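# Geometric and topological summary
Each chain, written out:
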Amino acid sequence: MNIMRVEAKVGRAESEPAEILVLLHCEGDGLAKMDAAQFDKMLGGALQGLIHSKEFEGKANEVLLYHTQGKVPAKRFVFVGLGKKKDVTLDSLRQALGHAVKRVRQAKVETFVVALPTVMPKSCTLVEVVQVMVEGAILGNYQFTTYRSEKGSANDVSGMTILTSQRTQLRQLTEGIRRGVATAEATVLVRDLCNHPSNVMTPTRIANEAKVVAKEPRVSLKILEQKDMEQLGMGALLGVARGSHEPPKFIILEYSGAKKKDERPVVLVGKTITFDTGGISLKPAENMEHMKADMTGGAEVLASMRAAARLKLPLRLISILPVAENMPGGRAMKPGDIVKTLSGKTVEVQNTDAEGRLILSDALAYAQRYKPTALIDIATLTGACVVALGQFAIGMFGTDGKLKDAVRKAGFTAGERVWEMPLWDEYFEQLRSDVADMRNIGGRGGGMITAALFLSKFVGDCPWVHLDIASTDWSERERAYIPKGPTGVGTRLLIQYLIDRSL
Ligand code: BES
Ligand code: ZN
Ligand code: ZN
């Protein structure tokens, strides 16, 4: 998909020539307070009329298109509701722009102008407001049409202009646009990678995608092949890959944006299972196709790498992708098999479907060599996460209060909120094995917790956060700026965390 062009412009609604002018409006708000008062005067009070007749009330997600009949330079305007003023958040704005862009597309119009809202969400900066407007528009415009012979109504909106009446705001607008484009285009990359089916998006193809990202300035790439992993002793990752004909990959990208070259890095680790059949502990057929997105975590750390480079963030960042396909082939691991991990710890594999924690255990152990100042892993790890949190929260675990706070804050700003779960050692008894150092499943209760606790045994003592995104990685229905299918949720959180660190 081509990413929409976004620009800032100084101008006024009533004199702006546009195919469509988008106006955001709060419920119960008088027009007098609106920037659009002059605009409405020229329209002969049409806006007032719509509000009085309750044809448009400004409720959240309400959308109305109106032809201006040549009374103003803009041919049409689209009114989008923001809900009650006191309830307006950054995410209301994202959603409003998501709805707006869909209406523009429906009208078969390619570009539109949007006026800055007159209300600001509480304690937010103009840069943030503009950033989320850009995110809503680009992400609401997302479609995956690669495999359709007939593109049908799949026309994309190609440009958006954000209008301000104050020239002094231009710099903030430009910065907001820069950030919004970076987080949104990263999310688009993740959605694309996860939408491609597993017969295309194999571990080898992921390695090729990493090579493309490595073309960004200051990014370098190392790919470990199967024989390298054997030499190192990554028995857990190799164990998972055994059942597949697709060779596994271990991908390390490094971005050197820090002034001091040897600054301790932020390390991101993402679960990259290009398809999870469950292996010999085979999954049921129903909904198994969702498991092409079991690589979401890896796609997100890859996209975050690209965003950090494009934003020229002043930090050192390392992204690690352990990549494999989990298949029940003739040489596949079997329940009861014991593998030796890179850390030296042995694991009894009681269930081959708990493969994410296996590949991550080797990746987390590998990450230790970089002495991370912060280590964050992100993974579609457990069905238990879906059961516990539903669709709207990411499961968070961690060993460091400050890092957890920073991730929580980034999630809030990004509209990808996390909810902390306990990482108490009492749960570890569920992971004891009779024959190895530990087993890879924790029995009945607390499935999300025992999975996280398993990972915690491989992170040494560096500040660490684990994010379980099995709850949010796939959406059953289309929302304002979330499509049906792979969502890319988690990407904006990671990039926001990196931006916050750099400020
Ligand atoms: N990839 C799945 C987790 C998952 C489930 C992600 C649903 C997205 C939606 C993971 O590898 C898995 O299969 N986990 C098992 C672990 C169990 C065997 C302990 C699970 O959650 O059922
Ligand atoms: Zn699995
Ligand atoms: Zn999995």
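Not measured: the values here are computed from a predicted model.

### Some words on the overall build of the protein chain
- When you go through the protein chain residue by residue, the secondary structure sums to 14 helices and 20 strands.
- The C-alpha atoms of the protein chain give a radius of gyration of 24 Å, which matches the 23 Å a tight globule of 503 residues would have.
- Overall, the C-alpha framework of the protein chain stretches about 80 × 50 × 40 Å when taken along its three principal axes.
- Looking at the protein chain as a whole, 60% of its 503 residues qualify as buried.
- Considering only residue pairs separated by 6 or more positions, the protein chain has 78% of its internal contacts joining residues 24 or more positions apart.
- Accessible surface, the protein chain: about 20,700 Å² in total, of which carbon and sulfur atoms supply 50%.
- Of the side chains in the protein chain, 66 bear a positive and 57 a negative charge, and the two mean positions are spaced by 4 Å.

### Quick word on the site of ligand 1
- The full set close to ligand 1 counts 15 residues, and Asp276, Lys283, Asp353, Glu355 and Gly383 are the nearest of them.
- In this structure, an oxygen atom belonging to ligand 1 sits 2.8 Å away from a side-chain N or O atom of lysine 283.
- In the model, an oxygen atom of ligand 1 is placed 2.6 Å from a nitrogen or oxygen of the glycine 383 main chain.
- Across the complex, the protein chains shield 76% of the 520 Å² of accessible surface that ligand 1 would expose by itself.
- Looking at the shell around ligand 1, its residues break down into four nonpolar, four polar and seven charged.

### Considering the pattern of salt bridges
- This model, assessed by the stated rule, comprises 29 salt bridges.
- Between arginine 179 and glutamate 175 there is a salt bridge, and its shortest N-O distance comes to 2.9 Å. With a gap of four residues between them, arginine 179 and glutamate 175 both fall in helix α5 (residues 170–195), about one helical turn apart.
- The exposure class assigned to arginine 179 is buried, which follows from its relative accessible area of 14%.
- Lysine 409 is the salt-bridge partner of aspartate 500, the closest N and O atoms lying 3.8 Å from each other. Residue aspartate 500 is found in helix α14 (residues 491–502), and its partner lysine 409 is found in helix α12 (residues 401–414); the two are separated by 91 residues along the sequence.
- For aspartate 500, a relative accessible area of 24% corresponds to the partly exposed category.
- Residue lysine 409 is classed as exposed on the basis of its relative accessible area of 51%.
- Overlapping salt bridges, with partners in common, bring together Asp91, Arg94, Glu135, Glu416 and Arg492 in one network.

### Let's talk about the packing of α5 against α14
- For the pair α5 and α14, interaxial distance at closest approach is 9 Å and the crossing angle is 145 degrees. The chirality of how α5 crosses α14 is right-handed. Two secondary-structure elements touch here, α5 through Arg179, Ala182, Thr183, Ala186, Thr187 and Val190 and α14 through Thr491, Arg492, Ile495 and Ile499.
- For the contact of α5 with α14, the residue count by class is five nonpolar, three polar and two charged.

### Focus on the coordination of the zinc ion (ligand 3)
- Looking at the zinc ion (ligand 3), one finds its protein donor set to be Lys271 (NZ), Asp276 (OD), Asp294 (OD) and Glu355 (OE), positioned 2.0 to 2.4 Å from the metal centre.
- Considering all six donor atoms around the zinc ion (ligand 3), angles at the metal cover 77 to 170 degrees and the coordination shape is octahedral.
- Sequence positions of the residues that donate to the zinc ion (ligand 3) give the spacing K-x4-D-x17-D-x60-E.
- Taking the relative accessible area as the measure of exposure, lysine 271 reaches 1% and is therefore buried.
- Assessed through its relative accessible area of 3%, aspartate 276 is described here as buried.

### Remarks on the sheet that holds strand β17 (residues 438–439)
- Read across the sheet, three strands follow the order β12-β13-β17 without closing on themselves; strand pairing throughout is mixed. Each having just a single partner strand, β12 (337–340) and β17 make up the two edges of the open sheet.
- By the bridge criterion, two bridges tie strand β13 (residues 346–349) to β17 in an arrangement that is parallel. Paired with valine 347 across the strands is methionine 438, a residue of β17.

### Let's talk about the sheet that holds strand β5 (residues 111–115)
- The mixed open sheet is built from six strands, whose spatial order is β1-β6-β5-β2-β4-β3. Edge positions in the open sheet fall to β1 (5–10) and β3 (63–67), since each of these has one partner strand only. Taking the axes of each pair of neighbouring strands and ignoring which way they run, one obtains an average angle of 25 degrees across the sheet.
- As paired elements, strand β2 (residues 20–27) and strand β4 (residues 76–84) share seven bridges and run parallel to each other. Of the residues in β4, the one forming a bridge with isoleucine 20 is arginine 76.
- Across the sheet, helix α3 (residues 90–106) touches β2, β3, β4, β5 and β6 (159–164), and the angle it forms with β4 is around 155 degrees.
- Packed on one face of the sheet, helix α4 (residues 126–140) meets β1, β2, β5 and β6 and runs near 155 degrees to β6.

### Section: the coordination of the zinc ion (ligand 2)
- The coordination sphere of the zinc ion (ligand 2) contains the protein donors Asp276 (OD), Asp353 (O), Asp353 (OD) and Glu355 (OE), at a distance range of 2.0 to 2.2 Å.
- Between the six donor atoms coordinating the zinc ion (ligand 2), the angles at the centre fall across 70 to 167 degrees, so the site counts as irregular.
- For the zinc ion (ligand 2), the single-chain donor residues occur in sequence as D-x76-D-x1-E.
- The distance between the zinc ion (ligand 2) and the zinc ion (ligand 3) is 3.2 Å, with aspartate 276 acting as a donor to both metals. With aspartate 276 in strand β10 (residues 272–276) and aspartate 353 in the loop between β13 and α10 (356–367), the pair connects residues that are 77 residues apart, well separated along the chain.

### Re the packing of aromatic side chains
- Here the structure, examined in full by the defined rule, presents nine aromatic pairs.
- Centroid distance phenylalanine 56 to phenylalanine 79: 4.2 Å. Interplanar angle 15 degrees. Geometry classified as stacked. Here phenylalanine 56, found in the loop between α2 (46–52) and β3, pairs with phenylalanine 79, found in strand β4; they are 23 residues apart in sequence, far enough to count as distant.
- By relative accessible area, which is 0% here, phenylalanine 56 ends up buried.
- The exposure class of phenylalanine 79 is buried, given its relative accessible area of 0%.
- Ring centres of phenylalanine 454 and phenylalanine 458 lie 5.4 Å apart, and the angle between their planes is 40 degrees; on these two criteria the pair is classed as tilted.

### Concerning α12
- With 14 residues, α12 extends 20 Å from end C-alpha to end C-alpha; this agrees with the ideal 20 Å at 1.5 Å per step.
- Every buried residue belonging to α12 is among Leu403, Lys404, Val407, Ala410, Gly411, Thr413 and Ala414, and all of these are buried.
- By the N-cap criterion, in which a side-chain oxygen at the helix start approaches the backbone nitrogen of a residue two or three places on, α12 is capped by aspartate 400, the distance to lysine 402 being 3.3 Å.
- One or two residues past the end of α12 sits glycine 415, with phi positive at roughly 70 degrees.

Calculation criteria
Residue indices follow the written sequence of each chain, beginning from 1 at its first position. Chains and ligands are labelled by the order in which they are written, letters from A for the one and numbers from 1 for the other. For this predicted model, a pLDDT threshold of at least 70 governs which residues receive local features, and a threshold of 80 or more governs which side-chain atom pairs are given and counted, while totals over whole chains, interfaces and linings are taken from all residues. Derived side-chain values reflect all non-hydrogen atoms in the structure, with water molecules and hydrogen atoms excluded from consideration. Under the scheme used here, helices are H or I runs from DSSP no shorter than 4 residues and strands are E runs no shorter than 2 residues, and both carry numbers assigned from the N terminus. For the radius of gyration, the atom set is restricted to C-alpha positions; the globular benchmark scales as 2.2 Å times the number of residues to the power 0.38. The buried label applies to any residue whose accessible area, calculated with a 1.4 Å probe on protein chains only, is under 20% of its type's maximum; exposed applies above 50%, and partly exposed to all values in between. Residue contacts are counted whenever heavy atoms from the two residues lie within 4.5 Å of one another. A 1.4 Å probe and the Shrake-Rupley method give the accessible areas. Residues count as covered only by the protein chains that appear here. In this tally, Asp and Glu contribute negative charge and Lys and Arg positive charge; neither His nor the terminal groups of the chain are included. Here the site of a charge means NZ on Lys, CZ on Arg, CG on Asp, or CD on Glu. Whether a residue is near a molecule or strand is decided by its heavy atoms; if any one of them lies within 4 Å of it, the residue is near. Nitrogen and oxygen atoms within 3.5 Å of one another constitute a polar contact, given that in protein one can donate a hydrogen and the other can accept it, and given that sequence-neighbouring residues count only through two side-chain atoms. When residues are grouped by polarity, Ala, Val, Leu, Ile, Met, Phe, Trp, Tyr, Cys and Pro land in nonpolar, Asp, Glu, Lys and Arg in charged, and all others, Gly among them, in polar. Any Lys or Arg side-chain nitrogen located within 4 Å of an Asp or Glu carboxyl oxygen qualifies as a salt bridge. Interaxial angles span 0 to 180 degrees and are taken between N-to-C directions of axes, which are lines fitted to C-alpha atoms, for helices over the stretch in contact. Helix crossings get a hand from a simple test, with the near helix turned counterclockwise from the far one by less than a right angle marking a left-handed crossing and a clockwise turn marking a right-handed one. Donors, by definition, are the N, O and S atoms found within 2.8 Å of a metal, the threshold being 3.2 Å for Na, K and Ca, and water is not counted, so a site can look incomplete. Irregular is the label for any site that misses the other tests, which are tetrahedral for four donors with all angles between 85 and 135 degrees, and square planar for four donors or octahedral for six when opposite donors exceed 155 degrees and the remaining angles lie between 65 and 115. We call two strands paired when DSSP finds no fewer than two bridges between them. Here a pair means two rings of Phe, Tyr or Trp (six-membered ring of Trp) with centres within 6.5 Å. Their orientation is stacked below 30 degrees between planes, edge-to-face above 60, and tilted elsewhere. What a helix should span is 1.5 Å times the count of its residues minus one.

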